Structure formats: structure tokens, C-alpha cells
Amino acid sequence: MTIESFLPPHRTLMGPGPSDVSPRVLQALSRPTIGHLDPLFIQMMDELKLLLKYAFQTENEFTIAVSAPGSAGMEACFTNLIEPGDKVAVCRNGVFGERMRENVVRAGGIAVVIDDAWGAPVSVEKVAAALESDPQIKLLAFVHAETSTGALSNAEALGWLAKQHNVLTIVDAVTSLGGVALKVDEWQLDAVYSGSQKCLSCVPGLSPLTFSPRAIEKIQSRSTPIQSWFLDQSLVLGYWSGEGKRSYHHTAPVNSLYALHEALLLLKTEGLENAWQRHQQMHQLLKVGLEKLGFSFVVEPDYRLPQLNAVYVPEHIDEAQVRATLLQEYNLEIGAGLGDLAGKAWRIGLMGYGARKENVALCLQALQNALSRP
Ligand SMILES: *Cc1c(COP(=O)(O)O)cnc(C)c1O
């Protein structure tokens, strides 16, 4: 057997992530690798921090990218902020809320689960009731944009509510960052993590992360060490900051960070508000087309994510077969249903560079052709 170089096809990625990566970001990725402590690389990292602060809308000094995918950003928040015995309210309205609960338990915390239906947003009223009835709760964890269902929760109301109760927030912004409004400082959010491969349209494998001064205080006042060495953010901090005296922690994924720098630069050039608006406009276009084809949405219009369109698949359709046809004949990937929605829904992503008219048109045409077959 001869093994040759791997040459992937050009697909159009309209699933729940990874999303289409812009040619400019792919170019940045292929630039020469330099040392991760090279002064020029350190300069690039400093700019990257500024760009991340802009994307998160925060002045938080601790704003970095974890050298691993979104799940690692999630784990970094839970392992750093929870001490054994801490009570944590966890909102669960889809797959990722359940993962948060699992993280709480593994970090030795006590999870107080607040359930909402799949496809519904987190109920602010239920969270308020939970925080009022149990003053022992120290943290509130919720998913801003639930990628498993396409529901958007009110991070602003939840952030303020937590602040009033002196409770710290852990927020999953993996799918929301860059796609819908997210204002970390204004909304009083404390530990917020994201992913590179959703609305930032960068390659997978990095997790933007920001901690508020209140979150840093909680970490610094721990009486037990953080179990994970790699994710201990107090060690990572020495690597991402410290004027001219950076200490080695791990080798940064050098080229991936070039790519993230470029992706965030594209976002900054477009302007955050413009990017949010573009996602909304492309969603409207797709929605009209999908409804013409007879599809109905899983989520009510008020809470619908523009970047993740979950629609029910009519029962007589072999959904896996249609997805296979789209991939083989149109080089188009859409997402299957996850968890409760497996086999029942599709998740059509319009994320970052993928939120474009050409993609909407391709998706609608391909679906129409595939569905009209006998
Ligand atoms: C994709 C996703 C994650 C996990 O990110 P990975 O990069 O796949 O580890 C976490 N939360 C949400 C809401 C996501 O959409």
C-alpha cells in the first residue's frame, strides 16, 4: 500500500461547526512557523489578546485562547472556578448544558440542575427562584447559544441576576461569539469560553477564554490546588502575559494562532455589529427558503439563533440519505440532529465566513433537488 498526501475536497460547511474557513485564514495558517517565544510571536500574541477583548467586548486582563478546542475552554472554567463542595446551578436545555453538569460533578462540585425543554431558552424566572431559595449557590453555569437545538438564552438577564446574588457566571459562548450580540463586561459575565471553529470561522482547536477580576479573585482564594496542571490558568497566565518575561508553560499551536489572529482581524475589520447583522440577514434568507420547502423550525422566532437553524425533517424522508446526497453531489455538509433531536431534525449552520448568500442559495437548491427525487 502506498500512502500519499491527503487532499481533502472543497466542501461547503453548513453544519454545527467547523464552519467554512476563509482563504485568508488558511493562508495565514501556512505561513512559516517561528518559535513560540520569538519576540515577534509574542507581539502577535499581544495583538491577539486585544482582538479577543474586542470580540468578547471586555476589558478583562485575562483574555486568551486555550490551546485546545471549545471543550477544553469549558473544562478550564469548571476546574479553575469550582472547589470541591461548591454548589453550582447548572441550566440544562440541550446537550451542552448536560456537559456542564458533568463538568461540575467531575470538579467535585454539587450540581443544582435547572431544566428547560430542548428548543426552549433557559428560563430566567426558574434561575431567579433557584438562586433565591438557595443562598449556598456560588456559581451559575449556562449555555448562551445551545448548538444542539438552536436556542438563544438571555445572557444579559442571567448575568445581572447572578451579579445581584453575588454568584459567579460560567458562560458557554462557543457558538454565540461573533454570531450574535455578546457583551461580557456590560452583561456582568465572569468566565466565558468559546471556540475557534464556529462563528469565528477559524480552524478547530482553539478556545478563546476570558475571566473577570471577580473570577480571578475566586481562583486566587482557592484553598485546594487546581487538579489539572495543563488547564490551571494561573500557570497559563505567566505564558500569555508579563512584559518581556514570558515563562514557558506549553508550546503554543503557533500556526493555529496566526489563523485565529487573521480570523479576528477579519471580524474587527467588518465590525462586530455588522457581523451580527449579516448573520441575521442570511438567516432570514434561509428561513424564507426553508419554509417554502415546507420545513418548520424547532425553536420559536424570539429565541432562534441565526447561525444555527434547526428544522424538523418530515417523517417520510430518510434524513441520513439526504445528508449523504448533499455531501456526495454538492460537497455540502449540513448537521444531523443531536440527542433528543437525533433522526428528527437537521441543523443548518450559517456561521462566520459561511454566512453568505452563495451558501444560502446552494443549500436551498441542493435540498430542493434532493427532496424532489422519487
Ligand atoms: C461546539 C460546542 C462545544 C464544544 O466545542 P469543541 O470545539 O467541539 O470542543 C461546546 N459548547 C457548544 C455550545 C458548542 O457548540
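Procedures and definitions
- Residues numbered from 1 in each chain as written.
- Predicted model: local features only at pLDDT ≥ 70, side-chain atom pairs only at ≥ 80, totals over all residues.
- Heavy atoms only, no water.
- UniProt positions renumbered as here; feature names shortened; annotations may be inferred.
- Helix = DSSP H or I, 4+ residues; strand = E, 2+ residues; numbered from the N terminus.
- Pairing = 2+ DSSP bridges.
- Axes fitted to C-alpha atoms, helices over the stretch in contact; angles between N-to-C directions.
- Polar contact = N/O pair within 3.5 Å; in protein donor to acceptor, adjacent residues only side chain to side chain.
- Contact = heavy atoms within 4.5 Å.

**Quick notes on the UniProt feature "modified residue: N6-(pyridoxal phosphate)lysine" (unreviewed entry) in the protein chain**
No. 1: Summarizing the sequence annotation, UniProt attributes the feature "modified residue: N6-(pyridoxal phosphate)lysine" (unreviewed entry) to K198 in the numbering used throughout.
No. 2: Along the chain, the position of K198 falls in the loop between β9 (191-193) and β10 (207-211).

**Brief notes about the sheet that holds strand β8 (residues 168-172)**
No. 1: The sheet built from seven strands is open, its strands ordered β2-β10-β9-β8-β5-β3-β4 with mixed pairing. One side of each edge strand has no neighbouring strand; the edge strands of this open sheet are β2 (62-66) and β4 (110-115). When strand polarity is set aside, the average angle formed by the axes of neighbouring strands in this sheet is 15°.
No. 2: In this sheet, β10 lies alongside β2 in antiparallel orientation, the contact comprising five bridges.

**Examining the side chain of T149**
No. 1: Relative to the helices and strands, T149 is located in the loop between β6 (145-146) and β7 (151-152).
No. 2: Within polar-contact distance, the side chain of T149 engages the backbone nitrogen of A151 at 3.2 Å.
No. 3: If sequence neighbours within four positions are ignored, T149 has contacts with N93, W118, G119, V298, V299, L308, A310 and L341.

**Examining the sheet that holds strand β1 (residues 12-14)**
No. 1: One open sheet holds the four strands; their spatial order is β1-β12-β13-β11, and the pairing between them is mixed. Each edge of the open sheet is held by one strand with a lone partner, namely β1 and β11 (308-312). The average undirected angle you get between the axes of adjacent strands in this sheet is 30°.
No. 2: Where strand β12 (residues 332-336) and strand β13 (residues 345-349) come together, two bridges link them in antiparallel fashion. Residue G335 lies in a different strand from β13, and its bridge partner there is R347.
No. 3: Contacting β12 and β13, helix α11 (residues 319-330) runs over the sheet at an angle of about 160° to β12.

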